[in-house]
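Structural characterization, general
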Amino acid sequence: MQDKELTLVEHLTELRERIIKSLIAVAIGFFAAVFLSQPVFQHIMEQAKAEGVQLIQYTFADTFITQIKLALILGLVLAFPVVLYQVIAFILPALKPEEKRLLFIGLPFATGLFLAGWAFGYFIVVPITKEFFKSMAQASLVEVAVTPSNYLSFILSICNPLGIAFELPLVVLILARIGLVTHQFLGRVRKYAFLALMILAAVLSPPDVISMMIFLVPLYGLYEFSIILARFAQPKNE
């Protein structure tokens, strides 16, 4: 009983140390991002102006607060590898060999899929959605003017959900590999999945039909791709 209590104490001590290291990494990442965020912010604002977006601010601190918000986001991105390492190092001893293999294979793909979703959102979805809203405003004889904070939030509200949604093939691949789903099952529930993806697209996208459709098309394409992956990933005895 004494050994078990000691093991539990050591386990909690390790958890505390890894949380502290993660917080330190986030703090260092934020301070580094304070300097990196300036050129990134300038690029985003210059691109907005080049596309005819009028930038304004309603309060004296609006632009400053937006830059701090961007620095926090970039700081989290910079600290993410360290935080991820701390999480993996903490849970790795408890994983089975097959689970460890899936973890090490899945992590690079997860990063790549998230970046692909972000890139799809930034270079394709954001311009299309922006032009749609601008045309609607101009048709109503309304001048388009947004604050830097609103413009950054607009980009993040599209790119972050798409980055997460692009993880769908990897999730299905892992579930199929451990035998929780099969490609036959995914094919049978296709129509229900389509309905669920419609609801998901409506929740993740800005509140208009065009944006929802722009979200829905790649999501459904990812679902069909996931069925193909599941066919090859399921255990051989299936």
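Figured I'd write up the structure that's included with this text. (Residues numbered from 1 in each chain as written. Predicted model: local features only at pLDDT ≥ 70, side-chain atom pairs only at ≥ 80, totals over all residues. Heavy atoms only, no water.)

Observations concerning the nonpolar core
Generally speaking, nonpolar side chains in soluble globular proteins are found buried as a group. Judged by nonpolar contacts, the single largest core of 36 residues is most densely connected at I44, Y151, I155 and I158. Only α1 (2-50), α3 (97-139), α4 (148-165), α5 (168-177), α7 (190-204) and α8 (209-233) provide two or more residues apiece to this core. Excluding anything up to four places from it in sequence, I44 contacts Y122, Y151, L152 and I155. (Core = buried A, V, L, I, M, F, W, Y, C linked by side-chain atoms within 4.5 Å. Buried < 20%, exposed > 50% of the residue type's maximum accessible area, 1.4 Å probe, protein only. Helix = DSSP H or I, 4+ residues; strand = E, 2+ residues; numbered from the N terminus. Contact = heavy atoms within 4.5 Å.)

A closer look at a nonpolar patch on the surface
On the surface, L8, L12, L15, I19 and L23 cluster together to form a nonpolar patch covering roughly 460 Å² of accessible area. Inspection of the secondary structure assignment puts I19 in helix α1. Residue I19 is classed as partly exposed on the basis of its relative accessible area of 43%. (Patch = residues over 30% accessible without salt bridge, like charges linked within 9 Å, V, L, I, M, F, W, Y side chains within 5 Å. Areas by Shrake-Rupley, 256 points an atom, 1.4 Å probe, with all protein chains shown as cover. Salt bridge = Lys/Arg side-chain N within 4 Å of Asp/Glu carboxyl O.)

Quick word on the packing of α3 against α8
The geometry of α3 relative to α8 is characterised by a closest axis approach of 10 Å and an angle of 155 degrees between their N-to-C directions. The orientation of α3 relative to α8 falls into the category roughly antiparallel. The element α3 and its partner α8 pack so that their crossing is right-handed. Of α8, the residues touching α3 (which contributes F120, V125, I128, T129, F132 and F133) are I210, S211, I214, F215 and P218. Residues of the contact of α3 with α8, tallied by class, amount to nine nonpolar, two polar and no charged. (Axes fitted to C-alpha atoms, helices over the stretch in contact; angles between N-to-C directions. Parallel < 35°, antiparallel > 145°, perpendicular 65-115°, else oblique. Left-handed = near helix turned anticlockwise from the far one by under 90°. Nonpolar A, V, L, I, M, F, W, Y, C, P; charged D, E, K, R; others polar.)

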